[in-house]
Amino acid sequence: MAFIFEKSGLLAKGTLVGASVAVLLLSGCGKKNGDHPVGQVIAHVGQDEVTQQELENEFRLANVPADKRDDAVTKRALREIVTRKAVARQAITAKIDREPTVQLDLLRDKEAMLTRSLIQRKLQAQVAGVGQSDLDQYITAHPTQFAKRVVFITDQIELPAQALTAEVGAATKDAKSLAQVEQALTGLKVAFRRNSGALDSASLPPQVLQQLQSEHAGDVFFVRTNGGGVFFKITETQSKPLAGADANALARQMIGKEKAEALSQQVTADALGSATYEGDYARIMKEAPKDTPASAPAK
């Protein structure tokens with residue numbers, strides 16, 4: 001039997017489960033004269049201007065440190081700004097910015113950006129208040145990430161995303177060894193790669209770690225990754241306790257992640273609590289949400 005789970009930590013036996021990725025696209029837009037950031041003008045694009053502050057902001061968004069901003073990097077950044085402004089001005093001339101859907105998209109992007117900025121500032125304030133006692137308490141409360149941290153050495157078979165079909169799921173769901181998985185994939189003429197890997201208990205969801213530790217030696221597992229999927233079995237378990245500065249750094253990172261999730265939930269709850277709805281939408285929003293149907297087994 002192949003045990004299959006996603007990186008999110010949801011486990012299921014004999015199932016190929018899809019992963020979803022949320023992507024946010026922010027569109028650039030032209031600014032009217034007088035609406036651009038005030039500062040030293042370094043370029044002109046028709047009736048628009050490019051300021052030093054805009055260039056600095058471009059570097060900030062691209063995470064380019066000051067010591068890396070040579071002529072070539074600066075040229076690429078300016079090309080991006082100039083192109084964006086020139087094309088955006090063409091769109092404004094064509095009155096695309098007046099189209100209802102475009103206006104709604106611009107409003108959505110503005111609200112999303114303001115939301116992220118506010119949450120980020122609140123989160124920074126919360127994380128700044130985390131002291132050594134908080135780190136020590138967190139480390140003690142999470143032994144599998146620190147004092148009892150282990151690394152699972154694995155023998156594995158990697159598959160590309162396009163190979164994760166229902167046919168592959170059906171052919172491998174009862175596999176009791178990687179040899180049987182390899183035989184099934186070979187029979188289906190599916191390309192794969194056999195190699196070794198490692199899983200760190202410090203980065204595994206608790207339910208996934210429990211699943212790995214509770215199963216019998218030699219069991220075959222499957223995990224879906226961003227680039228495809230991996231069948232694997234654990235060949236060795238190594239004790240790798242984490243302490244000192246490394247433990248503090250990881251604890252601070254994990255605390256920050258937990259605070260970010262809690263803050264996001266709180267912001268959503270506060271927003272929903274402040275809203276009122278009209279007509280049938282009041283009924284829709286009042287009803288308890290239905291459970292999302294579980295993914296169907298691969299057939």
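Residues numbered from 1 in each chain as written. Predicted model: local features only at pLDDT ≥ 70, side-chain atom pairs only at ≥ 80, totals over all residues. Heavy atoms only, no water.

A.B. asks: Looking at this structure, how should I read the overall build of the chain?
C.D. replies: Within the chain, the regular secondary structure consists of 9 helices and 8 strands. Here the chain holds 299 residues, and the buried ones make up 28% of them. Accessible surface for the chain amounts to roughly 19800 Å². Of this, 54% is attributable to carbon and sulfur atoms. (Helix = DSSP H or I, 4+ residues; strand = E, 2+ residues; numbered from the N terminus. Buried < 20%, exposed > 50% of the residue type's maximum accessible area, 1.4 Å probe, protein only. Areas by Shrake-Rupley, 256 points an atom, 1.4 Å probe, with all protein chains shown as cover.)

A.B. asks: Is there a simple way to explain the environment of Phe222 in this structure?
C.D. replies: Tracing the sequence through the fold places Phe222 in strand 7 (residues 220-225). In this structure the C-alpha to C-alpha distance between Phe222 and Lys173, which are 49 residues apart in sequence, comes to 9.6 Å.

A.B. asks: Quick question: what am I supposed to make of the packing of helix 1 (residues 52-61) against helix 2 (residues 71-93) here?
C.D. replies: Two measures define how a pair of helices packs: the angle their axes make with one another and the distance between the axes. Interaxial distance between helix 1 and helix 2 falls to 10 Å at its minimum, and their mutual angle equals 110°. In this view, helix 1 runs roughly perpendicular relative to helix 2, as classed from their interaxial angle. Note on packing geometry: the crossing formed by helix 1 with helix 2 is right-handed. Each of Glu54, Leu55, Glu58 and Phe59 in helix 1 lies in contact with helix 2, whose residues at this interface are Val73, Thr74, Ala77, Leu78, Glu80, Ile81, Arg84 and Lys85. Counted by class, the contact of helix 1 with helix 2 contains 6 nonpolar, 1 polar and 5 charged residues. (Axes fitted to C-alpha atoms, helices over the stretch in contact; angles between N-to-C directions. Parallel < 35°, antiparallel > 145°, perpendicular 65-115°, else oblique. Left-handed = near helix turned anticlockwise from the far one by under 90°. Contact = heavy atoms within 4.5 Å. Nonpolar A, V, L, I, M, F, W, Y, C, P; charged D, E, K, R; others polar.)

A.B. asks: Just checking my understanding: could you explain the packing of helix 3 (residues 100-128) against helix 8 (residues 244-274) for this structure?
C.D. replies: The N-to-C vectors of helix 3 and helix 8 enclose an angle of 135°; their axes lie 10 Å apart at closest approach. Considering their axes alone, helix 3 and helix 8 lie oblique with respect to each other. In terms of crossing hand, the pair formed by helix 3 and helix 8 is right-handed. Between helix 3, through Ile119, Lys122, Leu123, Gln126 and Val127, and helix 8, the contact on the second element is made entirely by Arg252, Gly256, Lys259, Ala260, Leu263 and Val267.

A.B. asks: Is there a simple way to think about helix 2 in this case?
C.D. replies: Since the α-helix packs 3.6 residues into each turn, any two residues three or four apart lie on the same face. The end-to-end C-alpha distance of helix 2 is 32 Å, a good match for the 33 Å that 23 residues give at a rise of 1.5 Å each. Those residues of helix 2 not exposed but buried are Val73, Ala77, Ile81, Lys85, Ala88 and Arg89. Looking at the packing, one finds that the buried side of helix 2 touches strand 3 (41-45), strand 4 (48-51) and helix 1. Count one or two residues on from helix 2 and you reach Lys95, which has phi positive near 60°. (Expected span 1.5 Å × (residues − 1).)

A.B. asks: Help me understand the pattern of salt bridges, please; the structure alone is not making it clear to me.
C.D. replies: Side chains carrying opposite charge are able to pair once their charged atoms draw close together. In total, this model carries 10 salt bridges according to the counting rule given. Taken together, the shared-partner salt bridges in this structure form one network comprising Asp155, Glu182 and Arg194. (Salt bridge = Lys/Arg side-chain N within 4 Å of Asp/Glu carboxyl O.)

A.B. asks: Explain the confidence of the model for the chain here, please?
C.D. replies: Low pLDDT means the predicted coordinates in that region are not meant to be read closely. For the chain, the mean per-residue pLDDT works out to 85, and 83% of the residues sit at or above 70. Within the model, the stretch residues 1-34 combines pLDDT values under 50 with 93 contacts to residues more than four positions away or in other chains. When the criterion is pLDDT under 50, residues 293-299 qualifies, and its contacts beyond four places in sequence or with other chains add up to 12 contacts. (pLDDT = per-residue confidence, 0-100.)

A.B. asks: Explain the packing of aromatic side chains here, please?
C.D. replies: For any pair of aromatic rings, the description rests on two quantities: the centre-to-centre distance and the angle between the ring planes. Counted by the stated rule, this structure contains 3 aromatic pairs. Plain terms: the ring middles of Tyr138 and Phe146 are 6.4 Å apart, the flat faces sit at 85° to each other, and that makes the pair edge-to-face. Neither residue differs from the other here; Tyr138 and Phe146 are each classed as buried. Ring plane angle 20° and centroid distance 5.4 Å describe the contact between Phe221 and Phe232, whose orientation is recorded as stacked. With Phe221 in strand 7 and Phe232 in strand 8 (residues 228-239), this pair connects stretches of sequence that are 11 residues apart. Under the relative-accessibility criterion, Phe232 is labelled buried at 2%. (Phe/Tyr/Trp six-rings, centres within 6.5 Å; stacked < 30°, edge-to-face > 60°.)

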